[in-house]
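# Analysis of the macromolecular model
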Amino acid sequence: MCMRYDLELIRKELDTLPNYNKQLYLQGYSKDMNPEEGADSGYDVDESEHTYDVPLFDIPYINKIISENNLVRTRLMKMKSKTCYLWHADKTKRLHIPVYTHAHCFLLIDQDRIHLPADGTAYIVDTTKNHTALNCSKKDRIHIVGAFKLYMI
């Protein structure tokens, strides 16, 4: 299943959001939640991520995408140049919408190396398998990443 969205409209809405360093929650557990909560702490919220279903910003097009795909704990994730995430597995699959990327940015899922281009395509990624993301470029990689509710996929 291939889903395509208007990347320019997504980028336009994202330009209205506050500056952030690593990640910015687009959905939270309450409207009063700090949208950068936990960005540097690395704490695990997978057991309660289904409670992160409250839209935090007035971004109608992106909020519609989140709603249509039954996503929770959706975040805008910025991966700095020359970085990678810890090797891990999530409780549910994730929807990735690459917003800005480079050919030298990719996911490692088990033994597979996958590049997701920023062309408006939304990708269902099986992050229940061991995986990481790598940015081996000189530019920031930015993805919208939402978790599927446990019963969805």
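What counts and what doesn't
- Residues numbered from 1 in each chain as written.
- Predicted model: local features only at pLDDT ≥ 70, side-chain atom pairs only at ≥ 80, totals over all residues.
- Heavy atoms only, no water.
- Disulfide = S-S within 2.5 Å.
- Pairing = 2+ DSSP bridges.
- Helix = DSSP H or I, 4+ residues; strand = E, 2+ residues; numbered from the N terminus.
- Buried < 20%, exposed > 50% of the residue type's maximum accessible area, 1.4 Å probe, protein only.
- Polar contact = N/O pair within 3.5 Å; in protein donor to acceptor, adjacent residues only side chain to side chain.
- Contact = heavy atoms within 4.5 Å.

## Some points on the state of the cysteines
Scanning all chains against the criterion turns up 0 disulfides. Take C84: it sits in no disulfide, and the sulfur closest to it among the cysteines is that of C136, at 8.2 Å. Free cysteine C105: the closest other cysteine sulfur is in C136, separated by 7.4 Å.

## Details of the sheet that holds strand 8 (residues 105-109)
Ordered in space as 6-11-8-9, the 4 strands form an open sheet in which the pairing is antiparallel. Looking at the sheet topology across the chains shown, the edges are occupied by strand 6 (83-84) and strand 9 (112-114). Strand direction decides the pairing type here: strand 8 and strand 11 (residues 131-135), joined by 5 bridges, are antiparallel. Within the sheet, the bridge partner assigned to C105 lies in strand 11 and is N135.

## A word on the side chain of Q27
Mapped onto the elements, Q27 comes out in strand 3 (residues 27-28). In this structure Q27 comes out as buried when scored by relative accessible area, which is 4%. A distance of 3.0 Å separates a polar atom in the side chain of Q27 from the backbone oxygen of L71. Side-chain polar atoms of Q27 contact the backbone nitrogen of R73, separated by 3.4 Å. With sequence-adjacent residues up to four places away left out, Q27 is seen in contact with Y52, D53, V54, L56, I66, L71, V72, R73 and T74.

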